[in-house]
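The chain contents come next:
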Amino acid sequence: QVQLVESGGGLVQPGGSLRLSCAASGRIFSINAMGWYRQAPGKQRELVATITSPGGTDYADSVKGRFTISRDNAKNTVYLQMNDLRREDTAVYYCNADVLPTPYTRSLYWGQGTQVTVAS
């Protein structure tokens, strides 16, 4: 019904940058908040950043000043610009979206995840 597809992950050296994208498609009336989460091996999934429809943002303390979340409402797409990457940023990154497929229904959808590896 609604699909989220992430892209932009990969291998990068410490101090490098990556930009993740997540596009929502399918039956979409509107989208409220969108966000990025990550899960490192052996750890629980954790919040990275969220953004509301008007553009209000929130970040995990560990990424403040290095990561920037943004969205293009016309494209139903959320982005995560990651700068000054550190080894501890290595994880599978997932996007999610609070979607209204119709004016009367609402569900939280997740993408399949994209691997980000920070290594020399």
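Relevant structure appears above.
Residues numbered from 1 in each chain as written. Predicted model: local features only at pLDDT ≥ 70, side-chain atom pairs only at ≥ 80, totals over all residues. Heavy atoms only, no water.

Draft legend 1. The packing of aromatic side chains, seen in detail. For the structure on display, the rule yields one aromatic pair. Ring centres of Tyr-37 and Trp-110 lie 5.1 Å apart, and the angle between their planes is 65°; on these two criteria the pair is classed as edge-to-face. Of this pair, Tyr-37 sits in strand E4 (residues 30-39) while Trp-110 sits in strand E10 (residues 105-110), placing them 73 residues apart in sequence. Taking the ring centre of Tyr-79 as reference, the NZ or CZ of Arg-19 above it sits at 4.1 Å. Above the plane of the ring of Tyr-94 lies Arg-45, whose end atom (NZ or CZ) is 3.7 Å from the centre. (Phe/Tyr/Trp six-rings, centres within 6.5 Å; stacked < 30°, edge-to-face > 60°. Helix = DSSP H or I, 4+ residues; strand = E, 2+ residues; numbered from the N terminus. Lys NZ or Arg CZ within 6 Å of the ring centre and 35° of its normal.)

Draft legend 2. Representation of the pattern of salt bridges within the structure. Applying the stated criterion to the full structure yields five salt bridges. Residue Glu-46 pairs with Arg-38 through a salt bridge whose shortest N-O separation is 2.7 Å. Assessed through its relative accessible area of 6%, Arg-38 is described here as buried. Linking Asp-89 and Arg-66 is a salt bridge whose minimum nitrogen-to-oxygen distance equals 2.8 Å. Residue Asp-89 is located in the loop between strand E8 (77-82) and strand E9 (91-102), and its partner Arg-66 is located in the loop between strand E6 (57-59) and strand E7 (67-72); the two are separated by 23 residues in the primary sequence. (Salt bridge = Lys/Arg side-chain N within 4 Å of Asp/Glu carboxyl O. Buried < 20%, exposed > 50% of the residue type's maximum accessible area, 1.4 Å probe, protein only.)

Draft legend 3. How the structure looks around the nonpolar core. Core analysis: the largest hydrophobic core is formed by 31 residues, its most contacted members being Trp-36, Leu-80, Met-82 and Tyr-93. Breaking this core down by element, the ones donating at least two residues are strand E1 (2-7), strand E3 (18-26), E4, strand E5 (46-51), E7, E8, E9 and strand E11 (114-118). The dominant element in this core, judged by the number of residues it contributes, is E9, at five residues. (Core = buried A, V, L, I, M, F, W, Y, C linked by side-chain atoms within 4.5 Å.)

Draft legend 4. Structural view of unusual backbone geometry. Even without being a glycine, Asn-76 presents a positive backbone phi close to 50°. Tracing the chain through its elements places Asn-76 in the loop between E7 and E8. A positive phi angle, near 50°, is found at Asp-84, a position not held by glycine. Structurally, the position occupied by Asp-84 is in the loop between E8 and E9.

Draft legend 5. Local environment of the environment of Gly-55. You can see Gly-55 is positioned in the loop between E5 and E6. Placed 15 residues apart in sequence, Gly-55 and Ser-70 show a C-alpha to C-alpha distance of 7.4 Å.

Draft legend 6. Molecular detail of the pairing of E9. Among the 12 residues in E9, 11 count as buried, and that is most of the element. Relative to E9, E4 is paired through eight bridges, and the arrangement is antiparallel. The partner of Gly-35 across the bridge, within E9, is Asn-96. In the sheet, E9 pairs with E11 via three bridges, with the strands oriented antiparallel. (Pairing = 2+ DSSP bridges.)

Draft legend 7. Spatial organisation of the sheet that holds E3. Pairing is antiparallel in the open sheet, where four strands are placed in the order E1-E3-E8-E7. The outermost strands of the open sheet, each flanked by one partner alone, are E1 and E7. On average, adjacent strands in this sheet sit at an angle of 15° to one another, irrespective of strand direction. As judged from the six bridges shared by E1 and E3, these two strands associate in the antiparallel manner. If you follow Glu-6 over to E3, its bridge partner there is Cys-22. (Axes fitted to C-alpha atoms, helices over the stretch in contact; angles between N-to-C directions.)

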